[in-house]
Amino acid sequence: MGAILEIADLKQLARRRVPKMFFDYADSGSWSETTYRANSEEFRQIKLRQRVAVDISERSLKTALLGQETAMPVALAPVGLTGMQHADGEILAARAAADFGVPFSMSMFSICSIETVAQATKRPFWFQLYMMRDRGFVGDIIDRAKAAGCSALVATVDLQMLGQRHKDLRNRLSAPPRLTPKHIWQVVTRPAWAFEMLRCKNRTFGNVVGHAKGVSDLSSLSAWTAEQLDLSLSWKDIEWVKQRWGGPMIVKGILDVRDGQSAIDCGADAISVSNHGGRQLDGAPSSISVLPEIVDALGSKVEIHMDGGVRSGQDVLKALCLGAKGVHIGRAYIFGLGAMGQAGVKHALEIIAKELDMTMALCGERNVTELSELNLYFGTRPGRTAGVLAALGEEYA
Ligand code: GLV
């Protein structure tokens, strides 16, 4: 393959390097995948406003998320089974993020444990939490994240029931893979992946194995989430999580203003507008289409992040123009990891940063913290484009 210029190039490489069941796990949404596709498609419908003859010689992508300085307004989103995209994937991604100067969020459904990643990295990372039935386990894992020096907790509230992903069911996904002819074939046809995986020690859910009690099949995400995730989750539990954690908390999975307000009432320091990458409620709106109404209602009260469908620095810029302070990327870095390990994650971050910087410059802007809806183009009619954009202000008419 020629030069790697965009995230799509990394995706193509990852497809060739990662066993099908794990590539598919990342590249899938639930049911018809309508929301999964809408996340990216609706970014493409948003147009940018070009401005010229502005001095763009000095530019900055720097900002702060939850009061912590970042090289750009981007964080690596929590992604389950990251360590199955590449051996020791969580360690490699956390190192790439630390070198670049952006936060890494570790999924609770990681292959490497919190402690393993903390020992192998220097910069504190964020830890993602799901509410399980076993409150003892939840309390312990919060304490483990604290002890490991994690700098924020990402409480994810939209996956008490795992969305049905047809590819995973057809692939009979598990970590480690089953020893059936089909699964062995998927692995042996990816020899570099298999070789590295054999050399590393982390091959199943490291945060859970040896810590969670009474789970019958730990290798199957769908089986143990069905057994262990707490369907009775309520805002009271999130309040308890915040108290037990005591540090900065992002509540992730908000698509409704009322839920965003409840998260704020529970002490959220940030909320993340997210449909879980189209992996949960298929038929829900794209994250970018909901962002403006959440920003309008809650933007003055809380820091707002978003994720879903972000595959370029242009997408990041559009989300910032619509009021997000931070943008989380999941698949965009996972494809880099699958393609080339740590170097691939670095490459993904460099691609996003370059696209963000060039787009900002061509919009006639110099500072990523000063982007606004005025950098978007609405055609001849001021107002919302494709139901996405909030009405323009006086300044624009
Ligand atoms: C877990 O977070 C998943 O979406 O599979």
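Rules used throughout
Residues numbered from 1 in each chain as written. Predicted model: local features only at pLDDT ≥ 70, side-chain atom pairs only at ≥ 80, totals over all residues. Heavy atoms only, no water. Helix = DSSP H or I, 4+ residues; strand = E, 2+ residues; numbered from the N terminus. Buried < 20%, exposed > 50% of the residue type's maximum accessible area, 1.4 Å probe, protein only. Polar contact = N/O pair within 3.5 Å; in protein donor to acceptor, adjacent residues only side chain to side chain. Contact = heavy atoms within 4.5 Å. Pairing = 2+ DSSP bridges. Right-handed = clockwise from strand over helix to strand, strands pointing away. Axes fitted to C-alpha atoms, helices over the stretch in contact; angles between N-to-C directions. Parallel < 35°, antiparallel > 145°, perpendicular 65-115°, else oblique. Left-handed = near helix turned anticlockwise from the far one by under 90°.

## Regarding the side chain of Thr359
Piece 1. Tracing the sequence through the fold places Thr359 in helix H15 (residues 331-362).
Piece 2. A relative accessible area of 6% places Thr359 in the buried class.
Piece 3. Separated by 2.5 Å, the side chain of Thr359 and the backbone oxygen of Glu355 make a polar contact.
Piece 4. Residues in contact with Thr359, not counting those within four places in the same chain, are Leu48, Gln314 and Leu317.

## Quick word on the pairing of strand S8 (residues 249-254)
Piece 1. Across the 6 residues of S8, 6 count as buried, placing the element largely inside the fold.
Piece 2. In this sheet, S8 lies alongside strand S7 (residues 152-156) in parallel orientation, the contact comprising 4 bridges. Looking across to S8, one finds that Leu153 is bridged to Met249.
Piece 3. Here S8 runs beside strand S9 (residues 270-273); their pairing, made up of 4 bridges, is parallel. Opposite Lys252, over in S9, you have Ser272 as the bridge partner.
Piece 4. The handedness of the S8 to S9 crossover, carried by helix H12 (residues 257-265), is right-handed.

## A closer look at the sheet that holds strand S10 (residues 303-307)
Sheets are built from strands paired through backbone hydrogen bonds, the pairs being either parallel or antiparallel.
Piece 1. If you trace the 8 strands from one edge of the open sheet to the other, you get S4-S11-S10-S9-S8-S7-S6-S5, paired in parallel fashion. Edge positions in the open sheet fall to strand S4 (74-76) and strand S5 (105-106), since each of these has one partner strand only.
Piece 2. Across 4 bridges, S9 lies against S10 in parallel orientation. In the sheet register, Val273 faces S10, and the bridge partner there is Met306.
Piece 3. Contacts from H12 reach S8 and S9 within the one sheet, and its direction differs from that of S8 by about 165°.

## Description of the pairing of strand S11 (residues 326-329)
Piece 1. Burial along S11 is two-sided: the residues Gly326 and His328 and Val327 and Ile329 are all buried.
Piece 2. Two strands pair when backbone bridges link them, and S4 and S11 are joined in this way by 3 bridges, in the parallel orientation. Bridge assignment links Val74 to a residue of S11, and that residue is Val327.
Piece 3. Bridging between S10 and S11 involves 3 bridges; their strand directions are parallel. Bridged to Met306 within S11 is Val327.
Piece 4. Running through helix H14 (residues 313-321), the crossover from S10 to the neighbouring parallel element S11 is right-handed.

## So, the packing of H12 against helix H13 (residues 287-298)
Piece 1. Running from N to C, H12 and H13 cross one another at 45°; their axes reach a closest spacing of 10 Å. Considered as vectors, H12 and H13 are oriented oblique to each other. For the pair H12 and H13, the crossing hand works out as right-handed. Two secondary-structure elements touch here, H12 through Val257, Gly260, Gln261 and Ile264 and H13 through Glu293, Ile294, Ala297 and Leu298.

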